[in-house]
Amino acid sequence: MRSKLLLGIAGAIAIIAAVPEVGSFVQSNGVPKSVLREIGRQAEKYGRQTTIVTSAGEISVYDGDTIKIDGQRMRLLDIDTPEISKPRCSYEEEVGYEARDRLRELISQAGSVEIIDSGTTDKYGRNLIYVEVDGRDAGKILVNEGLALRYRGGSPAWNERKRHWCG
């Protein structure tokens with residue numbers, strides 16, 4: 001069992017090492033989902049654009065916890081940012097735009113962006129993902145900067161988030 005695990009890890013490392021450039025898209029059968037998609041690019045080439053074009057496709061930031069890659073919406077796991085499409089108050093809308101803009105900035109200024117798919121979807125069919133920018137979890141950065149809260153499901157948690165953003 002241990003030798004199979006080590007062999008699997010060695011194979012995943014070999015696949016990643018074989019990528020010719022940072023901007024390549026890694027996808028292989030047999031590679032664990034935790035190794036998933038490496039989306040790298042040169043930050044200075046894309047500056048502060050809303051849509052970042054990579055060899056894997058375009059990354060668009062919809063709001064602070066939702067991105068699109070080639071039209072497929074994906075939601076960041078474990079965080080919740082204020083709503084911008086249907087805000088419950090003006091402060092929520094204001095911070096929602098700040099969270100969206102900060103996620104755009106993190107992605108556009110990163111030397112590499114890694115999308116890590118959890119293998120699950122939410123009730124809207126969006127893949128639940130982690131976004132790592134230069135090896136740091138973008139969701140945790142937003143939480144630490146006060147632009148997002150840790151996500152908890154259920155009505156009581158929803159009401160807590162509403163009170164947090166709107167009083």
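This text gives an overview of the structure that appears in the document. (Residues numbered from 1 in each chain as written. Predicted model: local features only at pLDDT ≥ 70, side-chain atom pairs only at ≥ 80, totals over all residues. Heavy atoms only, no water.)

Counting its regular elements, the protein contains 5 helices and 10 strands. For the protein, restricting intrachain contacts to residue pairs at least 6 apart in sequence, the fraction spanning at least 24 positions comes to 52%. (Helix = DSSP H or I, 4+ residues; strand = E, 2+ residues; numbered from the N terminus. Contact = heavy atoms within 4.5 Å.)

Here we take up the nonpolar core. Counting residues in each nonpolar core, the largest one holds 24 residues, and the members touching the most others are I67, L103, I107, V113, I115, V131 and V133. Elements with a minimum of two residues in this core: β3 (57–63), β4 (66–69), β5 (72–76), α3 (90–109), β7 (112–121), β8 (127–133) and α4 (138–144). The dominant element in this core, judged by the number of residues it contributes, is α3, at 5 residues. With residues up to four places along the chain from it excluded, the contact list for V133 reads L106, I107, A110, S112, V113 and I141. (Core = buried A, V, L, I, M, F, W, Y, C linked by side-chain atoms within 4.5 Å. Buried < 20%, exposed > 50% of the residue type's maximum accessible area, 1.4 Å probe, protein only.)

Strand direction decides the pairing type here: β4 and β5, joined by 4 bridges, are antiparallel. Paired with T66 across the two strands is R75, which belongs to β5. Adjacent in sequence and paired antiparallel, β4 and β5 are bridged by 2 residues, among which D70 carries a positive phi angle near 50°. (Pairing = 2+ DSSP bridges.)

Let us look at the environment of L147. Topologically, L147 is positioned in the loop between α4 and β10 (149–150). With 67 residues separating them along the chain, L147 and D80 place their C-alpha atoms 8.9 Å apart. When sequence neighbours within four positions are dropped, the list of residues in contact with L147 reads T81, P82, V95, E98, A99, R102, L142 and W165.

What follows concerns the pattern of salt bridges. Note that side chains of opposite charge can pair when their charged atoms are close. Inspection of every chain in the model, using the stated rule, returns 10 salt bridges. Residues D80 and R75 are paired through a salt bridge, measuring 3.1 Å at the closest nitrogen-oxygen approach. Among the residues examined, D80 registers a relative accessible area of 7% and is labelled buried. Relative accessible area serves as the criterion here: at 12%, R75 is assigned to the buried category. For the salt bridge of E145 with R102, the shortest nitrogen-to-oxygen distance reads 2.8 Å. You can see E145 sitting in the loop between α4 and β10 and its partner R102 sitting in helix α3, a full 43 residues away along the chain. (Salt bridge = Lys/Arg side-chain N within 4 Å of Asp/Glu carboxyl O.)

As a further point, take helix α5 (residues 155–166). Compared with an ideal rise of 1.5 Å per residue, which puts 12 residues at 16 Å, α5 spans 16 Å between its outermost C-alpha atoms and is within 8% of the ideal. Turning to α5, its buried residues number three or more, namely A157, R161 and W165. Down the axis of α5, the smallest arc covering the buried residues is 65°, so these residues share one side. For α5, the exposed residues lying more than 90 degrees away from the buried face are S155, P156 and R163. Among the structural elements, β6 (79–80), α3 and β10 are those in contact with the buried residues of α5. (Expected span 1.5 Å × (residues − 1). Arc of directions from axis to C-beta.)

Below, the discussion takes up the side chain of R102. Here the side chain of R102 touches E145 through a polar contact of 2.8 Å, side chain to side chain. Ignoring anything within four residues of it in the chain, the contact list for R102 reads I141, L142, E145 and L147. (Polar contact = N/O pair within 3.5 Å; in protein donor to acceptor, adjacent residues only side chain to side chain.)

A separate point is the pairing of β8. Consecutive residues of a regular strand have side chains that alternate between opposite faces of the sheet. Along β8, 5 of the 7 residues are buried, which leaves the element largely enclosed by surrounding structure. In this sheet, β8 lies alongside β5 in parallel orientation, the contact comprising 3 bridges. Its bridge partner lying in β8, R75 is registered against L128. Bridge count between β7 and β8: 6 bridges; the pairing is antiparallel. By the bridge assignment, I116 is partnered in β8 with Y130. The loop that links β7 with its antiparallel partner β8 comprises 5 residues; one of these, G125, has a positive phi angle of about 85°. Adjacent in sequence and paired antiparallel, β8 and strand β9 (residues 136–137) are bridged by 2 residues, among which D134 carries a positive phi angle near 50°.

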